[in-house]
Amino acid sequence: MFVANTYEELINMENIIFVDVRSEYEFQKETIPGAINIPILNNDERVEISTIYDAGDHDCAKQLAVRYASVKLEDIYMKLLDLSENRNVCLFCYRGSMRSTVLFNIMKSMGLDIYRLKGGYKAYRKHIIENLDKLINSHEYVNIKGYTGVGKTEILNILENSHKNVLNLEQLANHRGSILGNAGLKNQPSQKMFESLLFDKLKSFDDEPVFVECESSKIGSVNIPKSLRQKYNNSTHQVMINCELEERIARIKSDYLKNPDAIDDIRKAITYLSKYIGQSNSKILLEKLDDEDYDYVIESLITKYYDINYAVKSKDFELEINNVNSEKCAEEIMRFYAV
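Analysis parameters
- Residues numbered from 1 in each chain as written.
- Predicted model: local features only at pLDDT ≥ 70, side-chain atom pairs only at ≥ 80, totals over all residues.
- Heavy atoms only, no water.
- Axes fitted to C-alpha atoms, helices over the stretch in contact; angles between N-to-C directions.
- Helix = DSSP H or I, 4+ residues; strand = E, 2+ residues; numbered from the N terminus.
- Parallel < 35°, antiparallel > 145°, perpendicular 65-115°, else oblique.
- Left-handed = near helix turned anticlockwise from the far one by under 90°.
- Contact = heavy atoms within 4.5 Å.
- Domains from an automatic or database assignment.
- Buried area = accessible area lost by both parts, 1.4 Å probe.
- Salt bridge = Lys/Arg side-chain N within 4 Å of Asp/Glu carboxyl O.
- Buried < 20%, exposed > 50% of the residue type's maximum accessible area, 1.4 Å probe, protein only.

Looking at an unreviewed UniProt entry, one finds the chain named tRNA 2-selenouridine(34) synthase MnmH and attributed to Finegoldia magna.

Structural data, given as structure tokens:
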């Protein structure tokens, strides 16, 4: 029997690549960031085998698993052989049991120099749970605040392109952090996957301050760890970004309407907002949306909803900037914090 390695042992290994041998559905739901998927059983096969196994016919389930897996072995071997030529390959399944263990033993017996994650994805998840708060608290944060459309995301992108430590929570969550935050975007990651992406990003930072946009407790459907919100909200480094209304409208229009599917998402969001802004206002906004009067829609949402419900609380700001140019704004932030 070949020996598996712990996640703590593997993460210190150079050029490591994790191979998730679970089904496509399991992989898409959550995995180790950067992992690739080489399923030993596909979605339908896994469901069929699990149903038989849960019904108590374990031998039949195992026989069927062998039948489905055996026809894939040559293809899996060739893929792993190719990967292992210049990478340290590590297989994992959910618990590090049947799927990854059997495949690992077969491939090792065939001479492949590969690894297996002891405890599988569950062990990796345990590592995240035990270490995420510690990693969060190891950094110092610069908290960037401002009303919707003032250019906070633009500034973060410029800082990141300047090789600064930037934690773009909305990017990790695939959501802009408001009722209209998913307009034109695809599905959000699961909570577990979001935490993995967050952990991976924080782990990549050096000792310089981390620039982060102030967020509420949730971004769409994912929760921001309480320890992280406390760190950036309680930081002594608070930055306020201001901007004229006309520029905010133009920026939001440019950002939200990049994708043609966004209009349908905005229509759904306005319908949902009717309980906050009133049925008559909602009806007018929908009509203006159909007329492509986007400036009216955006200005109305800013003044009647966003600035009221996402008000920036009074605080002593270390730095306050009027954003007429996001690049100059980012440069001023970098100069101020000498990074």
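It is at 7 Å that the axes of helix 13 (residues 262-277) and helix 14 (residues 279-290) come closest, and there the two elements cross at 165 degrees. Considered as vectors, helix 13 and helix 14 are oriented roughly antiparallel to each other. The handedness of the crossing between helix 13 and helix 14 is right-handed. Across the interface between the two elements, I263, I266, R267, I270, T271, S274 and I277 from helix 13 touch Q279, N281, S282, L285, L286, L289 and D290 from helix 14.

Turning our attention to the domain arrangement of the chain. Partitioning the chain into structural domains gives domain 1 (7-127) and domain 2 (139-337). Spacing between the C-alpha centres of domain 1 and domain 2 amounts to 38 Å. Listed by partner, the interface residues are nine residues for domain 1 and nine residues for domain 2. Across the domain 1/domain 2 interface, buried area totals approximately 800 Å², and carbon plus sulfur atoms make up 49% of it. Of all residues in domain 1, E30, P33 and R125 give up the largest surface area on contact with domain 2, accounting jointly for 55% of the area buried on that side. Counting across the interface, domain 1 meets domain 2 through two salt bridges. A salt bridge links E195 to R125; the shortest N-O distance between them is 2.7 Å.

With that settled, consider the pattern of salt bridges. In total, this model carries 17 salt bridges according to the counting rule given. One salt bridge connects D75 with K79, and the closest N-O pair in it is separated by 3.2 Å. Placement of the pair is D75 and K79 together in helix 5 (residues 73-83), with a separation of four residues, close to one helical turn. According to the relative accessible area criterion, D75 is partly exposed, its value standing at 43%. K126 is the partner of E130 in a salt bridge, and the nearest nitrogen-oxygen pair spans 2.6 Å. Residue E130 and its partner K126 are both found in helix 7 (residues 120-137); the two are separated by four residues, about one turn of the helix. What you see here is one network of salt bridges that share partners, running through E26, R46 and R99.

Our next topic: the environment of R335. Its place among the elements puts R335 in helix 16 (residues 326-336). Judged by relative accessible area, which is 59%, R335 ranks as exposed. In this structure the C-alpha to C-alpha distance between R335 and L91, which are 244 residues apart in sequence, comes to 45 Å.

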